[in-house]
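Overview (structure and organization)
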Amino acid sequence: MSVTQVKIALSGGPAELAATERSVLASALDRTLKIRHGAGYEHFVHGGEFQAGDIAVFRWSHRTKIAE
């Protein structure tokens, strides 16, 4: 089985999130994307926006803390 990878650009969230972490690959656009950052996760969602034709833009929605 082959899994298609989609290019994603992250928008919003903490300014400290490194530029290298803002361009990622994912296998689906219908799920919340969680990026580990510090002691928590930054959550990004896709609202249907694309840039440069084929890069899906995921916008920051909220942050959760890692359970201890």
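The following refers to the structure shown.

Definitions and cut-offs
Residues numbered from 1 in each chain as written. Predicted model: local features only at pLDDT ≥ 70, side-chain atom pairs only at ≥ 80, totals over all residues. Heavy atoms only, no water. Phe/Tyr/Trp six-rings, centres within 6.5 Å; stacked < 30°, edge-to-face > 60°. Lys NZ or Arg CZ within 6 Å of the ring centre and 35° of its normal. Helix = DSSP H or I, 4+ residues; strand = E, 2+ residues; numbered from the N terminus. Buried < 20%, exposed > 50% of the residue type's maximum accessible area, 1.4 Å probe, protein only. Contact = heavy atoms within 4.5 Å. Polar contact = N/O pair within 3.5 Å; in protein donor to acceptor, adjacent residues only side chain to side chain.

What about the packing of aromatic side chains?
By the definition in use, this model includes zero aromatic pairs. The residue whose ring lies beneath Lys 34 is Tyr 41, and the NZ or CZ to ring-centre distance is 4.5 Å.

Examining the side chain of His 37
Mapped onto the elements of the fold, His 37 is located in strand β3 (residues 33-37). Given a relative accessible area of 17%, His 37 falls into the buried group. Beyond its immediate chain neighbours, meaning those up to four positions away, His 37 contacts Pro 14, Glu 16, Leu 17, Glu 42 and Arg 63.

With respect to the side chain of His 46
Along the polypeptide, His 46 turns up in strand β4 (residues 40-51). A polar contact is formed between the side chain of His 46 and the backbone nitrogen of Gly 48, at a distance of 3.4 Å. There is a polar contact of 3.1 Å between the side chain of His 46 and the backbone oxygen of Glu 49. Beyond its immediate chain neighbours, meaning those up to four positions away, His 46 contacts Leu 29, Ala 56, Val 57 and Phe 58.

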